[in-house]
Amino acid sequence: MNTRPLLRRLTAEFVGSSFLLMTVVGSGIMGEKLSGGNLALALLGNTIPTGAILIVLILIMGPISGAHFNPIVSLCFAFRKELNTIELISYIAVQMVGSIVGVLLAHGMFDLELIQLSETTRAGGAQFLSEIIASTGLILTIFGCIK
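Residues numbered from 1 in each chain as written. Predicted model: local features only at pLDDT ≥ 70, side-chain atom pairs only at ≥ 80, totals over all residues. Heavy atoms only, no water.

Q: Run through the overall build of the chain, naming residues and quoting values.
A: Helix and strand counts for the chain stand at five helices and zero strands. Along the chain direction, N to C, the helices and strands of the chain fall in the order α-α-α-α-α. A compact globule built from 147 residues should have a C-alpha radius of gyration of about 15 Å, and the chain, at 16 Å, falls within 12% of that. Its C-alpha atoms put the chain at 50 × 30 × 25 Å along the principal axes. Looking at the chain residue by residue over its 147 residues, the buried ones come to 36%. Excluding contacts between residues fewer than 6 apart, the proportion of contacts in the chain whose partners are at least 24 apart in sequence is 73%. Between the mean site of the 8 positive side-chain charges and the mean site of the 8 negative ones, the chain shows a separation of 15 Å. (Helix = DSSP H or I, 4+ residues; strand = E, 2+ residues; numbered from the N terminus. Rg over C-alpha atoms; globule rule 2.2 N^0.38 Å. Buried < 20%, exposed > 50% of the residue type's maximum accessible area, 1.4 Å probe, protein only. Contact = heavy atoms within 4.5 Å. Lys, Arg positive; Asp, Glu negative; His and termini not counted. Charge placed at Lys NZ, Arg CZ, Asp CG, Glu CD.)

Q: Any details on the pattern of salt bridges? Residues and values, ideally.
A: Between side chains of opposite charge, a pair can form when the charged atoms approach closely. Counting across every chain of the model gives two salt bridges. With its nearest N and O atoms 2.8 Å apart, the salt bridge here joins E87 to R9. Placement of E87 in helix α4 (residues 85–109) and of R9 in helix α1 (residues 6–34) is noted, with a sequence separation of 78 residues between them. On the basis of relative accessible area, R9 is assigned to the buried category, the value being 3%. Between R80 and E82 there is a salt bridge, with the nearest N and O atoms lying 2.7 Å from each other. (Salt bridge = Lys/Arg side-chain N within 4 Å of Asp/Glu carboxyl O.)

Q: Would you mind going over the layout of surface pockets in detail, with residue names and values included?
A: Where empty space is left can be seen by rolling a probe of water-molecule size over the atoms. There is about 2000 Å³ of room inside the largest pocket. What lines the largest pocket is a set of 47 residues, and nearest its centre among them are V24, V25, G28, N46 and R122. Mapped onto the lining of the largest pocket, the elements with two or more residues apiece are α1, α2 (39–65), α3 (71–79), α4 and α5 (125–146). With nine residues, α2 is the single largest residue contributor to the lining of the largest pocket. (1 Å grid on protein atoms, 1.4 Å probe; cavity = no way out; pocket = protein on both sides within 12 Å on 5 of 7 lines; lining within 4 Å. Points joined across faces, edges and corners; volume = space filled by probe spheres on them.)

Q: Pulling in residues and values, what's your account of the packing of aromatic side chains?
A: Under the defined criterion, the tally for this structure stands at zero aromatic pairs. Between the NZ or CZ atom of R80 and the centre of the ring of F77, over which it lies, the distance is 5.9 Å. (Phe/Tyr/Trp six-rings, centres within 6.5 Å; stacked < 30°, edge-to-face > 60°. Lys NZ or Arg CZ within 6 Å of the ring centre and 35° of its normal.)

Q: Please set out the packing of α3 against α4 residue by residue, giving values where relevant.
A: The N-to-C vectors of α3 and α4 enclose an angle of 165°; their axes lie 9 Å apart at closest approach. One finds that α3 runs roughly antiparallel with respect to α4. Viewed along their axes, α3 and α4 form a crossing whose handedness is right-handed. Within the contact between the two elements, α3 uses P71, S74, L75 and A78 and α4 uses L88, Y91, I92 and Q95. Residues that form the contact of α3 with α4 fall into these classes: six nonpolar, two polar and no charged. (Axes fitted to C-alpha atoms, helices over the stretch in contact; angles between N-to-C directions. Parallel < 35°, antiparallel > 145°, perpendicular 65-115°, else oblique. Left-handed = near helix turned anticlockwise from the far one by under 90°. Nonpolar A, V, L, I, M, F, W, Y, C, P; charged D, E, K, R; others polar.)

Q: Mind laying out unusual backbone geometry, listing which residues take part and the relevant values?
A: The phi torsion at K81 lies on the positive side, around 65°, for a residue other than glycine. Turning to its location among the elements, K81 is positioned in the loop between α3 and α4. Residue K81 is classed as exposed on the basis of its relative accessible area of 64%. One non-glycine residue, D111, lies in positive phi territory at about 55°.

Honestly, it's all geometry; don't read function into it.
This is how it looks when you write it as structure tokens:
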């Protein structure tokens, strides 16, 4: 059980989730704008900043909140008995709100409509598998960095 005050941990989760999503979305927008239609370059322009900010956020927020930034990660911490039910629900709530705020801020930074409907279909078995793989990678990264 984490002995740091819950409000401090939730603030770290909110800030971390916001910055993570701000970076993912912002670097995606910037990569698309700067790549000149080269999809590989756009993907690279999104992947490098995302990986870099994830490591930075884990190292900064890990000692404060555990650096979950994802409900699946928080569930793993709850299974390890490092979060109780109230903490788990609170973490998930601030992660969701922080993520939404991060996306809104990224859109604002690029002078886009703050709320948009995606034009890309993201559904199906391949998408589900990629989410499982990405979540597993995130969990391994977090647990590896906090050791």
